[in-house]
Structure formats: C-alpha cells, structure tokens
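The lines below spell out each chain.
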Amino acid sequence: MKILLTVIMCSSVANTCLDPYTFPNGYVDEYECMLDGYIKSHDKILEIGRSEINTHGIYVKFDCSEVILPKPKPGIES
C-alpha cells in the first residue's frame, strides 16, 4: 500500500481548475500525506502571491489516495 498526494489548483473567477498533479513519491500513511499536502499548498499560495490569488480567486485543494501495489513476482526484486 502506498498513499499518493494529488494537488489541484483552481480559479473561482474563471470557474476552472488546472489538471491535477500527483507527486511521484508516496507516503506510508494518510497522516503524513495530509501534513505534506497542507505544507505544499501553503508553499504554492506563497509562491503565487497575494495579488494573483485575490485577482483570480485561486484556491488549492488536495487529496491523499491509497494505491495498492501489486506484489512482486517470485524471483523479481522491486
């Protein structure tokens, strides 16, 4: 089992969202994923800046989803 973080940036002014971005590195549990989701969202808001956020009504949402990885076949190392 692996938990993946997906972030989506949207504009309430344009009533649209950018394509979701899923980070390649997974998390061991939802708790760690959620903490990092808030940190990454916070960092992105700071990067975009007050003016752009307010002008375009930008908001960030994220999701932590469980991905079940297939068991490796015998004799094959992952």
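Residues numbered from 1 in each chain as written. Predicted model: local features only at pLDDT ≥ 70, side-chain atom pairs only at ≥ 80, totals over all residues. Heavy atoms only, no water.

Caption draft 1: A look at the state of the cysteines. Per the counting criterion, the structure on display carries 2 disulfides. The disulfide partner of Cys 10 is Cys 17, and the gap between their sulfur atoms is 2.0 Å. Disulfide Cys 10-Cys 17: torsion about the S-S bond near 100°, hence right-handed. Numbered in order of appearance, the disulfide-bonded cysteines of the chain are paired 1-2, 3-4. (Disulfide = S-S within 2.5 Å.)

Caption draft 2: Focus on the pattern of salt bridges. What the rule picks out here adds up to 2 salt bridges. Between Lys 40 and Asp 36 there is a salt bridge, with the nearest N and O atoms lying 3.1 Å from each other. Of the two residues, Lys 40 and Asp 36 are both situated in helix α1 (residues 30-48); the distance of 4 residues between them amounts to about one turn of the helix. Looking at Lys 40, the relative accessible area reads 28%, which means it is partly exposed. Asp 36 sits in the buried class, given a relative accessible area of 18%. A salt bridge links Glu 47 to Lys 44, with the nearest nitrogen and oxygen atoms 3.2 Å apart. Highlighted residues: Glu 47 and Lys 44, both in helix α1, separated by 3 residues, approximately one helical turn. The class for Lys 44 is partly exposed, based on a relative accessible area of 27%. (Salt bridge = Lys/Arg side-chain N within 4 Å of Asp/Glu carboxyl O. Helix = DSSP H or I, 4+ residues; strand = E, 2+ residues; numbered from the N terminus. Buried < 20%, exposed > 50% of the residue type's maximum accessible area, 1.4 Å probe, protein only.)

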